[in-house]
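For reference, the chains in residue letters:
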Amino acid sequence: MNKLSSIAYYVTDKISSNDISLSEYVTTDCILQNKKGREVASNLPPQPCCLTRYQRGDILIANIRPYLKKVWFADIDGGASSDVLVFRAKEGHSPSFLYAVLLQDSFFDYVMQGAKGSKMPRGDKEQILRYEMPILSCSEESIGTFFLNLDQKIRLNEQINQNLEAVIADVMDYKFLSNAETLPKRFIGDIASIKAGGDCPQEWSKYKTKDCQIPIYSNGTDNEGLYGYTKEPTILKRGITVAARGTIGYCTMRNGGYVPIIRLLAVTPNDIGGDVYLHQIFNRIKFRNDGSIQQQLTVPSLASIEIPYPNASTPVSYTHLRAQRHSLISYAVFCLKK
C-alpha cells in the first residue's frame, strides 16, 4: 500500500491576514462537520497575523477534534488558521483523488488513533502522512472525478432539502399559526408519548452490518445524531427526536424503527401527521434550560409545554401538512430525474 505522503504534502507558505478578505479566511469553525464544505468566517484574527496560504485545488481539514470529520476542497485562494492542515497533491497526482482519500471515514478514524489530548484531541501531523491508502483498480483521475461529482450531488440535495423545509415552514405559518389564537391549546405530553434515551445497546456497530441494521441516535448534531447501528429498535413509530443536553432543542424527524440514547428525547405523536406539525412547532420553541450545573431538557418539562394544536376535525389539519411535505418531495425528485 502507498502512504499518503506519496501523493501529498503539507503547505507551509504563509500569508498575512491583511492580504485576504473575510471570505478567504478559513478556521476550524468555518469548515462544517461531517464533510459538508465550509461557511464564511465571522471575523478575522488580530492583525497582523500569519496564516497558511492555500490555493484553489488544495484540501483543508480541521486538525482539532478529527472525529468531527471537517474537510473542504478549496475553490478559492486564501489563508487558513494554524489548526487547519492544508494538503496539496504532488506533481503528477490528482487533487480530486487526494480529496477522495481524505473524505473517507477510515482516514479520520486513523487520525483519531494517533490524536493527542483528551478534551480537545489534535491529529499528529507526522502520523497522518503515514496513512496507508488502498491499492487502486482504476486511475486516480476517475476516482477523484466520481467523488467530486458525488459531493456536488450531495450539496445540491442538501440545498433542495433546505428549500423544501422553508416551504413547509411557510405553509405552517399560513395554514396554522396565522390564526394560532383560534386553535385549541394542548400540552405536548397529552398529544404525544415522550421517552428519554438510555444507555447504548451492548450489541452495536459503528457501521451498518448484516446483524446491526437499526440506527442509534444520540443528542449530537453531526450526521443528525447518528451514533451507530444495533439489532432491535426501541421506538417503532414515526416521530421527532429532541436534544436534551448540549445543543438543547435540536430536533430531527425520524422514521419508525430506531434507538435513542444519551440525553435524547424521542417524541411519538398520537395522531397521524403529527410528526410534521410538531417538528415545525419545536423549531419555533425557545426551550427553557433546567439544571443548575448541566443545563438539560427533561421529559416533564417538554411534556408540560402548551402549544396550539388542531383538532382532527379542523378543515386544514396537520395531516394536510404531511401531505404537503410529501407532494413537495415528490415534485423535487421528479425535477431531479429530468
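Just above, that's the structure.
(A) Quick look at helix H6 (residues 274–284). Of all eleven residues in H6, nine are buried; the element is thus mostly enclosed. Gly274, Asp275, Val276, Tyr277, Leu278, His279, Gln280, Ile281 and Phe282 are the residues of H6 that are buried.

(B) Region of the structure containing the pattern of salt bridges. Throughout the structure, instances matching the rule amount to eight salt bridges. Lysine 206 is paired through a salt bridge with aspartate 109; the nearest N and O atoms lie 2.9 Å apart. One end of the pair, lysine 206, is in the loop between strand S13 (204–205) and strand S14 (214–217); the other, aspartate 109, is in helix H2 (residues 105–113), with 97 residues separating them in the sequence. In this structure lysine 206 comes out as partly exposed when scored by relative accessible area, which is 42%.

(C) Focus on the sheet that holds strand S16 (residues 239–243). Pairing is antiparallel across the open sheet formed by four strands, whose spatial order is S12-S19-S16-S17. Of all strands in the sheet, those bounded by a partner on one side alone are strand S12 (192–196) and strand S17 (251–254). When strand polarity is set aside, the average angle formed by the axes of neighbouring strands in this sheet is 25°. In the sheet, S16 pairs with strand S19 (residues 264–269) via four bridges, with the strands oriented antiparallel. Counted as the bridge partner of valine 242 is leucine 265 from S19. Most of the contacts of H6 go to S17, to which it runs at about 170°, and overall it touches S12, S16, S17 and S19.

(D) Quick look at the sheet that holds strand S8 (residues 78–80). Sheet architecture is open: four strands sit in the order S3-S5-S8-S4, paired in mixed fashion. The outermost strands of the open sheet, each flanked by one partner alone, are strand S3 (14–16) and strand S4 (25–26). By the bridge criterion, three bridges tie strand S5 (residues 50–54) to S8 in an arrangement that is antiparallel. For arginine 53, the partnering residue across the bridge sits in S8 and is glycine 79.

(E) Structural view of the packing of aromatic side chains. Overall, the coordinates contain nine aromatic pairs when judged by the stated rule. Pairing tyrosine 110 with tyrosine 131 gives two aromatic rings, centres 5.3 Å apart and planes at 55°, and the pair type is tilted. Within this pair, whereas tyrosine 110 is found in helix H2, its partner tyrosine 131 is found in the loop between helix H3 (125–128) and strand S10 (132–133), the two being separated by 21 residues in sequence. Residues tyrosine 110 and tyrosine 131 agree in their burial class; the two are buried. Aromatic pair tryptophan 204 and tyrosine 227: ring centres 5.1 Å apart, planes at 35°, arrangement tilted.

(F) Seen up close, the side chain of lysine 69. Relative to the elements of secondary structure, lysine 69 occurs in the loop between strand S6 (59–62) and strand S7 (71–73). Residue classification places lysine 69 among the buried residues on the basis of a relative accessible area of 12%.

(G) Structural context of a nonpolar patch on the surface. On the surface, Trp204, Tyr227 and Ile262 cluster together into a nonpolar patch covering about 260 Å² of accessible area. Position of isoleucine 262 among the secondary structure elements: in the loop between strand S18 (259–260) and S19.

(H) Fine view of the packing of helix H1 (residues 95–103) against H2. Running from N to C, H1 and H2 point in directions that differ by 60°, and their axes come no closer than 5 Å. Within the contact between the two elements, H1 uses Val101, Leu102 and Leu103 and H2 uses Asp105, Phe107 and Phe108. Taken together, the residues of the contact of H1 with H2 break down into five nonpolar, no polar and one charged.

(I) Spotlight on the pairing of strand S15 (residues 226–230). Bridge analysis of S13 against S15 gives two bridges, and the strand direction is antiparallel. Residue pairing in the sheet places tryptophan 204 in a bridge with threonine 230 of S15. Bridge count for S14 against S15 is four bridges, and the pairing is antiparallel. Its bridge partner lying in S15, proline 215 is registered against tyrosine 229.

(J) Structural view of H1. Where burial is concerned, most of H1 is hidden: eight out of the nine residues are buried. Within the sequence span of H1, burial applies to Ser96, Phe97, Leu98, Tyr99, Ala100, Val101, Leu102 and Leu103.

What counts, and where the lines are drawn
- Residues numbered from 1 in each chain as written.
- Predicted model: local features only at pLDDT ≥ 70, side-chain atom pairs only at ≥ 80, totals over all residues.
- Heavy atoms only, no water.
- Buried < 20%, exposed > 50% of the residue type's maximum accessible area, 1.4 Å probe, protein only.
- Helix = DSSP H or I, 4+ residues; strand = E, 2+ residues; numbered from the N terminus.
- Salt bridge = Lys/Arg side-chain N within 4 Å of Asp/Glu carboxyl O.
- Pairing = 2+ DSSP bridges.
- Axes fitted to C-alpha atoms, helices over the stretch in contact; angles between N-to-C directions.
- Contact = heavy atoms within 4.5 Å.
- Phe/Tyr/Trp six-rings, centres within 6.5 Å; stacked < 30°, edge-to-face > 60°.
- Patch = residues over 30% accessible without salt bridge, like charges linked within 9 Å, V, L, I, M, F, W, Y side chains within 5 Å.
- Areas by Shrake-Rupley, 256 points an atom, 1.4 Å probe, with all protein chains shown as cover.
- Nonpolar A, V, L, I, M, F, W, Y, C, P; charged D, E, K, R; others polar.

The analysis is restricted to geometry; functional conclusions fall outside its scope.
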